[in-house]
Amino acid sequence: MWDDFISRQIRRTNRNLLLMGGAILLILGLLTAAGWRDTYNFVFGPFPMQGSELVSISNPNLPKHYFLKVNGEESFATGMREVDAGNHNKVRAEIIALVVEKRLLLVKTPLDKQQVQFTGTLTAVPTEIFNGVVHDWDVKHPDMKGAFLPFMLDATGFRSGDNLWVAGAGAGFGILGLVLIGIAMRRQLQPESHPLLVQLAKYGGLQDVRMRIDAEVRGEGGGEKFGTMQITTNWLIHAAAYKTNVMATKDVIWAYPKVTKHYHSGIPTGKSYSAIIRDSKGQSVEISGKKDSVPKLLESLQRRMPWVLMGFSKELEALWLKEKPKFIQLVEQRRTSPAGATR
């Protein structure tokens, strides 16, 4: 069993992936358990319910099944509507009464098409609807007082709007948790395919490269450190939480600072700072840091590798993206020219 620097990095990132994936699934599980009734009805409903079962309910919060498909004998308009707050001429929903087992069930529905079958969720009757419909009914028909059931059916769409977004977000986080755990497990079962080992194979025999890195890190006390970046004589090691990147210092060809401005509702909220480092093998890493630490990192790189192009420009970016061989050739000219390397 290997116990070198690279092995420790692999174990560390695998552990972090497992912990993050497990934490996501645990939090999602706790939230699902806390709202198990909503989750159960959203996933498995709507549930058909007979009229006799419906009229026996006294509290809409008690039944396990509350996302229902209800059939009545007939329906009629109550005259109450829900309108848009900004435009009272825009009707958002109708409040109708559905006859079920000689009782009346209030139904909130987008359109009253005189249908007798509705799909929706049981909910308490809001005060304004109770006063506008139930109370008026009881006053006008004292002989039929209590005809309305003590709850209503909201048929405006349980699987839509915010609920759909919440369900989609939950499913997305669940998949993310499983993917993170799956990545860690696959890397443990197939260590030879680990991205870091594939990356190191570019520098020669894997065993030899690992031994050289381990010896250099130990011999230099971990090297010069800038946050998650370690710099030794021959290696740049970026040990991020879930991934480790390694570059040979001889391959580094371009480095520059990056400042990102952050806004919230159009209002500036601050800046973040990082250094971008690129090498001749096409690798690129971004090292986040504080405002004063990023220039120190770049100064160290320039001191150790004077041939590296420092600073960003549109011309350099265009050359890197479109004509990378010319970019590398330009750096090689600086490397072989003492005067150019010190400019």
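Residues numbered from 1 in each chain as written. Predicted model: local features only at pLDDT ≥ 70, side-chain atom pairs only at ≥ 80, totals over all residues. Heavy atoms only, no water.

Caption draft 1: Focus on the overall build of the chain. Of regular secondary structure, the chain possesses 11 helices and 15 strands. For the chain, whose C-alpha radius of gyration is 33 Å, the value lies well above the compact-globule estimate of 20 Å for 343 residues. With respect to the principal axes defined by its C-alpha atoms, the chain has extents near 105 × 50 × 30 Å. Relative to its full complement of 343 residues, the chain shows a buried share of 37%. Considering only residue pairs separated by 6 or more positions, the chain has 60% of its internal contacts joining residues 24 or more positions apart. Just so you have it, the chain exposes about 19,800 Å², and 58% of that area is on carbon and sulfur atoms. Of the charged side chains in the chain, 43 are positive and 32 negative, and the gap between their average positions amounts to 9 Å. (Helix = DSSP H or I, 4+ residues; strand = E, 2+ residues; numbered from the N terminus. Rg over C-alpha atoms; globule rule 2.2 N^0.38 Å. Buried < 20%, exposed > 50% of the residue type's maximum accessible area, 1.4 Å probe, protein only. Contact = heavy atoms within 4.5 Å. Areas by Shrake-Rupley, 256 points an atom, 1.4 Å probe, with all protein chains shown as cover. Lys, Arg positive; Asp, Glu negative; His and termini not counted. Charge placed at Lys NZ, Arg CZ, Asp CG, Glu CD.)

Caption draft 2: Layout of the pattern of salt bridges. Taken as a whole and judged by the stated rule, the model has 12 salt bridges. Of the charged contacts in the structure, one is a salt bridge between Lys326 and Glu323, with a shortest N-O distance of 2.9 Å. Lys326 sits in the partly exposed class, given a relative accessible area of 46%. A salt bridge links Arg335 to Glu332, with the shortest nitrogen-to-oxygen separation between them at 3.3 Å. Taken together, the residues Arg335 and Glu332, both in helix H10 (residues 324-336) and three residues apart, mark about one turn of the helix. Among the ionic contacts, a cluster of salt bridges with common partners joins Arg8, Asp214 and Arg218. (Salt bridge = Lys/Arg side-chain N within 4 Å of Asp/Glu carboxyl O.)

Caption draft 3: Geometry of the environment of Asp251. Inspection of the secondary structure puts Asp251 in the loop between strand E11 (244-248) and strand E12 (252-264). Sequence-wise, Asp251 and Ala147 are 104 residues apart; in three dimensions their C-alpha atoms are separated by 83 Å. Each residue touching Asp251, except ones within four places of it in the same chain, is listed here: Tyr203, Arg278, Asp279, Ser280 and Lys281. Within the structure, the side chain of Asp251 is placed 3.4 Å from the side chain of Lys250, a separation counted as a polar contact. (Polar contact = N/O pair within 3.5 Å; in protein donor to acceptor, adjacent residues only side chain to side chain.)

Caption draft 4: Just the sheet that holds E11, in detail. Pairing within the open sheet is antiparallel, and its four strands lie in the order E8-E9-E10-E11. Since the sheet does not close on itself, it has two edges, and those belong to strand E8 (224-226) and E11, each with one partner. Recorded for the sheet is a direction-independent mean angle of 15 degrees between the axes of neighbouring strands. Bridge count for E8 against strand E9 (residues 229-231) is three bridges, and the pairing is antiparallel. The residue of E9 that forms the bridge with Lys225 is Gln230. Packed onto the sheet, helix H8 (residues 293-304) meets E8, E9 and strand E10 (235-239) and runs at close to 145 degrees relative to E8. (Pairing = 2+ DSSP bridges. Axes fitted to C-alpha atoms, helices over the stretch in contact; angles between N-to-C directions.)

Caption draft 5: Up close: the environment of Val70. Residue position: Val70 is located in strand E2 (residues 67-71). When the C-alpha positions of Val70 and Phe47 are compared, they lie 8.6 Å apart, and in sequence the two are 23 residues distant. Contacts of Val70, omitting those with residues within four sequence positions, involve Leu54, Leu98, Val100, Leu105, Val116, Gln117, Phe118 and Leu153.

Caption draft 6: Quick peek at the packing of helix H1 (residues 5-34) against helix H7 (residues 206-219). Axis separation between H1 and H7 bottoms out at 8 Å; the angle between their running directions is 90 degrees. One finds that H1 runs roughly perpendicular with respect to H7. For the pair H1 and H7, contact is made by Phe5, Ile6, Ser7 and Arg8 and by Arg210, Ile213, Asp214 and Val217, respectively. Counted by class, the contact of H1 with H7 contains four nonpolar, one polar and three charged residues. (Parallel < 35°, antiparallel > 145°, perpendicular 65-115°, else oblique. Nonpolar A, V, L, I, M, F, W, Y, C, P; charged D, E, K, R; others polar.)

Caption draft 7: Empty space enclosed by the protein, seen in detail. Enumeration over the complete set of coordinates arrives at one cavity of 30 Å³ or more. Taken together, Arg187, His194, Pro195, Leu196, Tyr242, Lys243 and Thr244 make up the full set of residues lining the largest cavity. A breakdown of the residues in the lining of the largest cavity according to their chemical character gives three nonpolar, two polar and two charged. (1 Å grid on protein atoms, 1.4 Å probe; cavity = no way out; pocket = protein on both sides within 12 Å on 5 of 7 lines; lining within 4 Å. Points joined across faces, edges and corners; volume = space filled by probe spheres on them.)

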